[in-house]
Amino acid sequence: SHLRLGYAHCGFPSAEITAKCNTNAPAVIDHIVQGPRYLCGPVEFIGARKMPTQPIVQALTITNADTQALRQPFQFQDNAPANRNEVTETNNSSIWAAGLPAHFDEFSLHFLSGRVTNTLEKLGFFLAKFKVQVVTNSEDRTATLQVKILEEGPPATIESIKVTGNRKNSREALLNYLSLKRGMKFTSDLAADINNRLYHSARFLTNSVLAGKPDSS
């Protein structure tokens with residue numbers, strides 16, 4: 001299963017691997033049929049209507065200039081490391097980089113899905129539902145990273161603002177300081193900015209601001 005995971009990560013989605021114990025020596029014999037290898041192709045969106053897709057593409061991919069900075073993922077070794085702590089993992093190995101091996105393993109797809117979620121929240125689409133999958137093209141041995149938007153949901157806006165616990169400063173003074181008003185677009189970056197401004201104000205103290213995800217309002 002570990003070998004199959006490594007081959008799937010390195011562009012071999014149909015690798016067939018069998019392992020058996022060698023009774024004549026303390027070793028494991030692996031028989032591997034790699035199958036075709038696929039390289040990263042384009043990123044495709046299906047079902048996106050209102051949401052901008054370019055920021056999501058940028059979060060999923062890496063520029064050609066940065067490609068050389070990627071560490072070679074899943075380097076196979078003849079001998080296992082003496083210490084398991086020597087085994088390290090980098091999230092960069094799951095980035096979708098044109099011309100490099102495509103990633104079919106569940107860990108990479110989970111990582112890429114997380115990038116889509118974070119970017120959508122930065123854009124204000126907290127209720128969006130999507131699916132990330134890799135589609136192969138057998139003719140040119142490339143793979144397309146497909147992001148299928150199942151439901152966009154409305155972009156979040158601030159419908160009402162509730163202020164509690166303030167004593168020295170009025171509600172109006174607080175909202176003016178934070179530049180908050182009804183009808184504004186709500187994003188994950190805005191929530192982080194509010195917390196940051198309150199923390200550095202030396203006046204307004206808070207433990208958590210807008211900690212929960214907003215609803216459709």
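Before reading further, recall that the structure is shown in the block above.
One numbering rule holds for all chains: residues counted from 1, following each sequence as written. Totals for whole chains, interfaces and linings use every residue, but because this is a predicted model, local features are given only for residues with pLDDT of at least 70 and side-chain atom pairs only at 80 or more, for both listing and counting. Excluding hydrogens and water, the side-chain figures rest on all heavy atoms present in the structure.

Describing the environment of Ala 97
Line of reasoning, step 1. Helix numbering and strand numbering both begin at the N terminus, where a helix is a DSSP run of H or I of at least 4 residues and a strand a DSSP run of E of at least 2. Turning to its location among the elements, Ala 97 is positioned in the loop between helix H3 (64-67) and helix H4 (106-122).
Line of reasoning, step 2. By relative accessible area, which is 2% here, Ala 97 ends up buried.
Line of reasoning, step 3. In this structure the C-alpha to C-alpha distance between Ala 97 and Leu 39, which are 58 residues apart in sequence, comes to 8.7 Å. Burial classification: accessible surface area is computed with a 1.4 Å probe over protein chains only, and a residue below 20% of its type maximum counts as buried, one above 50% as exposed, and the rest as partly exposed.

Remarks on the sheet that holds strand E4 (residues 129-137)
Line of reasoning, step 1. If you trace the 3 strands from one edge of the open sheet to the other, you get E3-E5-E4, paired in mixed fashion. Either end of the sheet is taken by a strand with one partner, and the two such strands are strand E3 (39-46) and E4. The mean inter-strand angle of the sheet, taken between neighbouring strand axes irrespective of direction, is 20°.
Line of reasoning, step 2. Two strands pair under a simple rule: DSSP has to find at least two bridges between them. Across 6 bridges, E3 lies against strand E5 (residues 142-151) in parallel orientation. Bridged to Ile 46 within E5 is Lys 148.
Line of reasoning, step 3. Any two residues whose heavy atoms approach within 4.5 Å are treated as being in contact. Only C-alpha atoms enter the line fits that serve as axes; for helices the fit covers just the stretch in contact. Angles between N-to-C directions range over 0 to 180 degrees. Running at roughly 135° to E4, H4 makes contact with E4 and E5 of the sheet.

Here we look at helix H5 (residues 171-178)
Line of reasoning, step 1. Regarding H5, the residues found buried are Leu 174, Leu 175 and Leu 178. One face of H5 carries all of its buried residues, which in axial projection span an arc of 95°.
Line of reasoning, step 2. For H5, the secondary structure elements touched by its buried residues are helix H6 (188-199).
Line of reasoning, step 3. Downstream of H5 by one or two residues, Ser 179 has phi in the positive range, about 55°. The arc in question is traced by the directions running from the helix axis to the C-beta atoms.

By themselves, these are just geometric observations and shouldn't be taken as functional.
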